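If you want the building blocks of each chain, they are given just below.
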Amino acid sequence: MSAMTAQQLSLFASDGVRIDADHLPGGDADADSLCVVLLHGFTCHRRQPMLRRIATVLNRSGGVLSLDFRGHGRSAGRSTVGDLEVLDVDAAVAHARRLGYDRVAVLGFSMGGAVAVRHAALHGGVDAVVAVSAPARWYYRGTPMMRRVHWAIERPAGRLAARVARRTRIAATGWDPVPAAPHELVGRIAPTPLLLVHGDADPFFPLEHAEQLYGAAREPRELWIEPGFGHAEAAATPVLIGRIGEWIASARPSPSR
């Protein structure tokens, strides 16, 4: 993942699902006080080259704890596409605290961004939240790419294809009840600092998703609209990740906290 060897971890969510993760310690005394919990998107996993590159850049700002969501990569269980994944994040945040980090931030891409928002709103315990290319609401089918995603989630043939092609195991039962959507919860994150990053060339979620999240959030909040930026991890450049890492390192809660 970098010149420093990542420490492999097995964490357990509160419902008993085993979550595989890696920890890259911070590179210097100042960075040791900050850990970024890195959350991938749907059908991705932490060992992909693009996630490793992102973790390497973030490691300049502090420690990095990268996890595989349930049903993804080497973790157990089945994906619930943004619902129970908040328990995976909570296990990672708690482990970062046990490692002695003073500040813990969460950075999520696409589905991981939605989970980052939902976790911070429902569980708290973090010092900064970044959501890149995140959906504001569920069941969005307004782009061809999202219609493909829904086929993979909702159809037996789609779930089989996701398992064979992407090694993603998706729960067949669906949501019952439907979890609160990110835009319904994002207002609860304050006074924890929130950064929303979205591209104007996103083929999955148009800018209206970032604008809806930003409009429902409360201060402190920022919205970066990135010209020419596509979607999530695959489009994220080292320059953008470096900027995000600097924002996380400098983020502080509002005085009302």
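Residues numbered from 1 in each chain as written. Predicted model: local features only at pLDDT ≥ 70, side-chain atom pairs only at ≥ 80, totals over all residues. Heavy atoms only, no water.

### Looking at the packing of helix H4 (residues 144–154) against helix H5 (residues 156–166)
Part 1 of the argument: Running from N to C, H4 and H5 cross one another at 95°; their axes reach a closest spacing of 5 Å. In terms of orientation, H4 lies roughly perpendicular with respect to H5. For the pair H4 and H5, contact is made by Trp151, Ala152, Ile153 and Glu154 and by Pro156, Ala157, Gly158, Arg159 and Ala161, respectively.
Part 2 of the argument: Grouping the amino acids of the contact of H4 with H5 by side-chain chemistry returns 6 nonpolar, 1 polar and 2 charged. (Axes fitted to C-alpha atoms, helices over the stretch in contact; angles between N-to-C directions. Helix = DSSP H or I, 4+ residues; strand = E, 2+ residues; numbered from the N terminus. Parallel < 35°, antiparallel > 145°, perpendicular 65-115°, else oblique. Contact = heavy atoms within 4.5 Å. Nonpolar A, V, L, I, M, F, W, Y, C, P; charged D, E, K, R; others polar.)

### Remarks on the pairing of strand S7 (residues 194–199)
In regular strands, side chains alternate between the two faces of the sheet.
Part 1 of the argument: Counting buried positions along S7 yields 6 of 6 residues, so the element is predominantly enclosed.
Part 2 of the argument: Across 6 bridges, S7 lies against strand S8 (residues 221–226) in parallel orientation. Across the sheet, residue Leu194 finds its bridge partner in S8, namely Arg221.
Part 3 of the argument: In this fold, S7 hands off to helix H7 (residues 207–216), which returns the chain to S8; that crossover is right-handed. (Buried < 20%, exposed > 50% of the residue type's maximum accessible area, 1.4 Å probe, protein only. Pairing = 2+ DSSP bridges. Right-handed = clockwise from strand over helix to strand, strands pointing away.)

### Digging into helix H1 (residues 49–58)
Part 1 of the argument: Buried within H1 we find Met50, Leu51, Ile54, Ala55, Val57 and Leu58. Buried positions in H1, seen along its axis, are confined to an arc of 160° and lie on one side of it. Relative to its buried face, H1 has exposed residues pointing more than 90 degrees away, namely Pro49 and Arg53.
Part 2 of the argument: Lining the buried residues of H1 we find strand S2 (18–24), strand S3 (34–39), strand S4 (63–67), strand S5 (103–109), helix H8 (232–235) and helix H9 (238–250). (Arc of directions from axis to C-beta.)

### Some remarks on the pairing of strand S6 (residues 128–132)
Part 1 of the argument: Among the 5 residues of S6, 5 are classified as buried, and the element is accordingly described as predominantly covered.
Part 2 of the argument: In S6, alternate side chains face the same way, and those of Ala128, Val130 and Val132 on one face and Val129 and Ala131 on the other are all buried.
Part 3 of the argument: Relative to S6, S5 is paired through 5 bridges, and the arrangement is parallel. By the bridge assignment for S6, Ala105 is matched with Ala128.
Part 4 of the argument: A crossover connection joins S5 to the parallel S6 through helix H3 (residues 111–122); in handedness this β-α-β unit is right-handed.

### Some thoughts on the pattern of salt bridges
Part 1 of the argument: Enumeration according to the criterion identifies 10 salt bridges in this entry.
Part 2 of the argument: A salt bridge links Arg70 to Asp15, with the shortest nitrogen-to-oxygen separation between them at 2.8 Å. Highlighted residues: Arg70 in the loop between S4 and helix H2 (85–98) and Asp15 in the loop between strand S1 (7–12) and S2, separated in sequence by 55 residues.
Part 3 of the argument: The class for Asp15 is partly exposed, based on a relative accessible area of 38%.
Part 4 of the argument: Notably, a salt bridge pairs Arg97 with Asp127, separated by 2.8 Å at the nearest N-O pair. A residue pair is termed long-range when its members are at least 10 positions apart, and Arg97 in helix H2 and Asp127 in the loop between H3 and S6 qualify at 30 residues.
Part 5 of the argument: Assessed through its relative accessible area of 30%, Arg97 is described here as partly exposed.
Part 6 of the argument: Given a relative accessible area of 15%, Asp127 falls into the buried group. (Salt bridge = Lys/Arg side-chain N within 4 Å of Asp/Glu carboxyl O.)

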